[in-house]
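Here is how the chains run, residue by residue.
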Amino acid sequence: MSVTSRMSRRGPLIPTILVIAALVAAFTIFAEVWTQKLWFDSVAFPQVFTTQLLAQVLLFFVFAVIMGGIVGLNMWIAFRLRPSVRRTGQSAVLDRYRDLLESRVLLSILVPSIFFGVIAGVSALSQAMEYLAWWNRTPFGVTDAYFGLDVGFYVFEYPIWQDLLSFVLGALFFGLVAAAAVHFAVGGIVSGRTRGRAARDNAARIHLSVLAGVMLVGYGLQNLLDRYGFLLNQGTLFTGMQYTDAHARLNAKLVMAVIAFLCAGLFFANGFLRRWTLAITGLVLMMVSGLILGLIYPLVVQSFQVKPNEPDLERPYIQAHIDATRQAYGIDKTEVTQYDAVTQVRPGQLKQDAEALPGIRLIDPAVVAPTFENQQQLRGYYTFPDVLDVDRYVIDGTETDAVVAAREIDYQKLPDQNWNNLHTVYTHGYGMVAAYGNQRSSSGDPVWIEKNLPPEGALPNYEGRIYFGEYATTFGIVGREQGEPAIEFDSPGSSQEAGEVNNTYAGAGGVPMGDLFTRLLYAAHFMDLNILLSDRVNSQSKILYDRTPKERVAQVAPWLTLDSNVYPAVVDNRLVWIVDAYTTSRNYPNSQVKSLRASTNDAQSNLIGTQADQSVNYLRNSVKAVVDATDGNVSLYAWEESDPILQSYEKAFPGTVKPRSEISSDLMAHLRYPEDLFKVQREVLTRYHMTDPNSWFQQSDLWQVPADPTTTTPGQTTETTKAGPAEPPYYLSIKWPGDKSPVFSQTAVFVPNQRANLASYLSVVAEATSPDYGRLRVLRMSDTQQIAGPGQTLNAMTTDQRFADVLRSYTNQGSAAAKYGNLLTLPMGSGLLYVMPIYTTREASTGTGTYPALRFVAARFGEHVGIGNTLQEALDQVFSGDAGADTGEDPTQTPTQPTQPTDPTTQPTDADRQAAVAAMRKADAAFVAADEALRKGDLAGYQTQIAAAKAAVVEALSKMGAR
């Protein structure tokens with residue numbers, strides 16, 4: 001075969017491959033865009049998709065055209081200004097490049113122009129939200145302390161003008177470089193001394209001088225704009241304007257702008273003066289002036305004028321900064337009350353707080369997840385979160401704190417993770433599980449408000465199938481043809497039912513994918529050929545994806561920052577997810593910048609989830625979002641309707657956010673003050689509770705969030721937790737001193753900086769139905785006496801003789817190790833009461849493992865510690881035998897194991913201790929024998945040995961005076 005024949009056959013191959021590759025790429029892009037449209041249509045937010053898409057397309061083309069136009073126009077001008085007499089012989093490379101330019105001038109200009117334009121356009125895509133907010137900006141109605149501009153200028157406009165100026169300067173720079181390259185290639189710029197050089201480079205000089213002058217004008221404008229940036233920059237003391245900024249840097253920026261304009265004039269004149277020396281000299285002088293005015297002069301002012309007189313000179317700037325920070329974080333109305341907490345105890349001391357005692361939450365949501373799984377998992381592939389949630393439900397006419405969780409499918413635990421199981425069978429979890437926050441059974445287990453499958457309990461009937469949840473991380477395909485049997489696993493069934501119960505999805509959610517074309521699109525989107533091949537995908541099929549509540553809210557409202565904790569609730573006979581959402585900014589003038597992630601991290605963050613790694617200095621809980629667990633429908637409700645950022649995005653995306661008035665009464669009853677907002681406010685208050693500039697500067701009253709003392713194991717001191725993770729805030733119902741009744745709140749405590757005693761107690765009214773919702777209140781401890789902080793309190797509890805005696809028999813048994821629950825702090829009895837549940841490990845009735853059971857309750861008031869089977873026992877011990885109020889605990893639900901603490905007036909003798917040790921040895925031997933009997937299948941022998949072990953433990957406790 002001839003060479004010509006082979007070439008003719010190979011010729012079409014490469015173009016064909018390129019065409020196919022282009023078609024595949026185009027289809028992939030189309031599939032991504034169109035499936036996004038279908039998803040937004042399915043959740044009834046089509047305007048979000050179209051507005052974002054149009055904004056991105058517009059930004060892409062505007063930035064691309066401007067960048068490409070500036071580069072291309074200047075290259076074309078440089079080519080048009082080429083010398084009429086062609087210079088040759090100096091460089092063969094330049095000769096060939098000029099030949100290329102002259103023969104393919106359009107291509108030579110278009111390629112670099114399109115390259116730079118595409119880069120600029122792509123970089124602008126991520127800024128669509130900022131430009132939409134700017135276009136629809138709403139004034140804050142608050143002016144800054146220095147320029148008198150509305151805060152909205154800094155939040156909405158300043159970032160845009162800064163971005164546009166930087167972009168224009170960048171475009172001019174690339175245009176200047178491209179023009180210089182063309183001038184050099186065509187001989188407009190001549191290196192070295194050549195005859196007639198002045199005549200040849202005249203046009204190039206004018207062109208490049210004008211470009212450089214325009215750049216300097218832009219640089220001057222940037223200096224003028226930067227003057228406003230001092231209210232947003234991090235200084236030596238804080239974020240915002242400081243003395244050196246106001247008296248040195250502001251003027252320096254103004255002078256530098258004037259110098260830049262003068263230098264621009266020199267470059268404009270250079271085209272006619274033909275003297276580069278003057279223009280370059282001006283540029284060098286500008287750079288030297290920038291060094292002196294921008295660095296050296298402010299450093300001199302700061303070192304020799306400010307430092308020796310810093311508290312006095314910075315005082316007005318500190319005051320403006322404090323005011324702005326407190327306003328930006330919503331802590332400006334925090335009420336601080338001096339609290340002379342008593343530490344002495346007397347009988348009946350809690351009589352005035354009797355109404356609040358039954359509301360003390362004993363069930364710790366961070367501990368009892370294994371208990372929920374053991375008793376309510378029902379199948380191994382169901383799961384609950386590591387940290388449960390706290391909510392309120394009206395039970396028998398009384399609002400009751402409840403620990404709640406949704407029963408979801410954990411796809412990692414499926415026994416067979418084949419494609420059909422993952423995507424068509426195990427499509428949903430089922431049901432809410434809820435327990436009383438202040439009750440436990442005689443075995444230490446939670447008392448259920450709602451349990452089992454199908455759900456049963458005190459809650460009204462509701463649709464509880466969870467097709468959209470926190471564990472729904474894979475897509476599901478639902479829907480069957482008429483007459484086809486259901487294939488979705490629904491529930492394990494009951495003893496009366498024969499086998500498992502299946503279901504066919506009847507909800508309104510999901511994207512219909514009954515036609516071949518839509519199936520093809522989703523096969524491309526998920527890169528999954530089974531979507532095309534499976535017979536389980538039919539004309540009635542829908543595909544459910546992006547199913548977690550956070551994903552759905554983030555997509556329909558990309559301008560919101562979401563709380564790290566999402567919680568389930570039964571609302572209006574539906575199981576829903578409630579998501580708190582924030583409007584944030586980094587550009588609130590003079591407000592201190594905080595890391596959102598660092599400010600919200602605590603001992604539970606790694607279990608719940610961490611916040612976005614972003615810096616903020618303005619934060620509002622502007623939106624409450626609700627995601628239906630069955631349909632996946634998303635509802636956004638305006639919560640802080642006056643927030644200007646919210647109002648701006650409501651104008652950008654009309655109809656997406658419903659007014660607050662549309663929140664149903666049932667939903668309102670389950671809304672609460674969000675965790676991350678409270679954590680950030682708590683962090684800011686550690687310093688910004690000080691409103692006096694001198695105190696703030698001297699840090700004389702600095703607070704800090706204490707480490708969580710309960711992260712230690714029983715028997716350890718809490719000194720090891722000083723640098724540990726922060727103690728999380730707690731939801732519980734408390735009665736504030738002076739209030740008539742308790743209210744659902746979120747609470748936290750502070751200790752002085754580098755100290756362990758209590759500095760203050762913080763609470764916010766978390767009940768959305770309360771007229772005081774969001775009311776931040778602080779009880780400031782008296783400086784005349786020390787009140788124990790959380791770490792000191794836990795140390796006092798664990799070193800108390802009665803506490804140690806009660807736990808010793810359990811901690812010495814490997815399978816019955818104790819675990820501390822949350823250490824709650826409550827303002828009661830004119831002082832501060834600490835309450836801590838203590839869990840011991842309990843063997844599952846099925847023999848499949850262990851789980852924590854609430855066994856004891858410890859309490860401390862002042863220097864007095866109590867521990868008992870119940871909170872009532874612990875409080876009565878603390879308050880000289882009579883707390884003065886009833887906790888409301890059911891006496892029939894007292895744990896059956898021996899837990900009575902020792903009488904403090906009676907100490908065991910040496911003989912008693914020896915007898916107790918002997919009894920414990922008998923108990924240990926009986927436990928070993930019981931385990932051996934169980935392994936052999938001898939249940940009668942197992943029960944006999946367990947009874948003997950219990951009797952020996954009772955004998956040991958009796959000898960030690962604990963029974």
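For the structure, check the block above.
How each quantity is defined
Each residue is numbered by its place in its chain's sequence as written, counting from 1. Owing to the predicted nature of the model, reporting of local features is limited to residues with pLDDT of at least 70; listing and counting of side-chain atom pairs is limited to 80 or more, with chain, interface and lining totals taken over all residues. To obtain the side-chain values, all non-hydrogen atoms of the structure were included, while hydrogens and water were left out. Here a strand is any run of E in DSSP of at least two residues, a helix any run of H or I of at least four, and the numbering for each starts at the N terminus. Buried residues are those whose accessible area, probed at 1.4 Å on protein chains only, stays under 20% of the maximum for their type, while exposed residues exceed 50% and partly exposed ones sit between those limits. His is not counted here, nor are the chain ends, while Lys and Arg score as positive and Asp and Glu score as negative. Take a side-chain nitrogen of Lys or Arg and a carboxyl oxygen of Asp or Glu: if they are within 4 Å of each other, that pair is a salt bridge. Contact between two residues is taken to exist if any of their heavy atoms lie within 4.5 Å; hydrogens are not considered. Two strands are said to pair when DSSP picks up at least two bridges between them. Orientation is described by lines fitted to C-alpha atoms, with helices fitted over the stretch in contact, and by angles between N-to-C directions that extend from 0 to 180 degrees. Angle categories: roughly parallel below 35 degrees, roughly antiparallel above 145, roughly perpendicular from 65 to 115, and oblique for all the rest.

1. Observations regarding the side chain of arginine 326
1) Next: In this structure, arginine 326 sits in helix 13 (residues 315-328).
2) Next: Although arginine 326 lies buried, it forms no salt bridge, and the closest oppositely charged side chain, aspartate 323, sits 5.9 Å away as judged by the N-O distance.
3) Next: In this view, arginine 326 contacts Ile331, Asp332, Thr334, Tyr688, His689 and Thr691; residues no more than four positions away in its chain are not counted.

2. Here we look at the sheet that holds strand 14 (residues 511-512)
The strands making up a sheet are joined through hydrogen bonds of the backbone, oriented either antiparallel or parallel.
1) Next: Overall, antiparallel pairing links the three strands, which are arranged 11-15-14 in an open sheet. What marks the edges here is a single partner per strand, and that holds for strand 11 (476-478) and strand 14.

3. Observations regarding the pairing of strand 8 (residues 446-451)
1) Next: Pairing analysis gives three bridges linking strand 7 (residues 432-440) to strand 8, with the strands arranged antiparallel. In the sheet register, alanine 435 faces strand 8, and the bridge partner there is tryptophan 448.
2) Next: Here strand 7 hands over to strand 8 after five residues, with glycine 444 in that stretch at a positive phi of 90 degrees.
3) Next: Where strand 8 lies against strand 9 (residues 456-457), two bridges are found, and the strand directions are antiparallel. Note on strand 9: the bridge partner recorded for lysine 451 is glutamate 456.
4) Next: The antiparallel hairpin formed by strand 8 and strand 9 contains four residues in its connecting segment, where asparagine 452 sits at a positive phi of about 65 degrees.

4. A word on the pattern of salt bridges
1) Next: Per the counting criterion, the structure on display carries 26 salt bridges.
2) Next: Two residues, lysine 679 and aspartate 602, come together in a salt bridge whose shortest N-O distance is 2.8 Å. Of the two residues, lysine 679 sits in helix 23 (residues 675-688) while aspartate 602 sits in the loop between helix 19 (596-600) and helix 20 (605-608), which places them 77 residues apart along the sequence. Both residues of the pair, lysine 679 and aspartate 602, count as buried.
3) Next: One salt-bridge network, held together by shared partners, links Glu335, Asp772 and Arg775.

5. A closer look at the environment of valine 857
1) Next: Considering the arrangement of structural elements, one finds valine 857 in strand 32 (residues 850-861).
2) Next: Residues valine 857 and tyrosine 839 lie 18 residues apart in sequence; the distance between their C-alpha atoms is 8.8 Å.
3) Next: If we skip the residues at most four places from it in the chain, valine 857 touches Leu362, Arg440, Val835, Met836, Pro837, Gly866, Ile867, Gly868, Asn869, Thr870, Leu871 and Ala874.

6. Observations concerning the packing of helix 3 (residues 46-80) against helix 6 (residues 128-135)
1) Next: Between helix 3 and helix 6, the shortest axis-to-axis distance is 9 Å and the interhelical angle comes to 100 degrees. Judged by the inter-axis angle, helix 3 sits roughly perpendicular to helix 6. Two secondary-structure elements touch here, helix 3 through Thr51, Gln52, Ala55, Gln56, Leu59 and Phe63 and helix 6 through Ala128, Met129, Tyr131 and Leu132.

Note that all results are geometric; they support no functional claim without further evidence.
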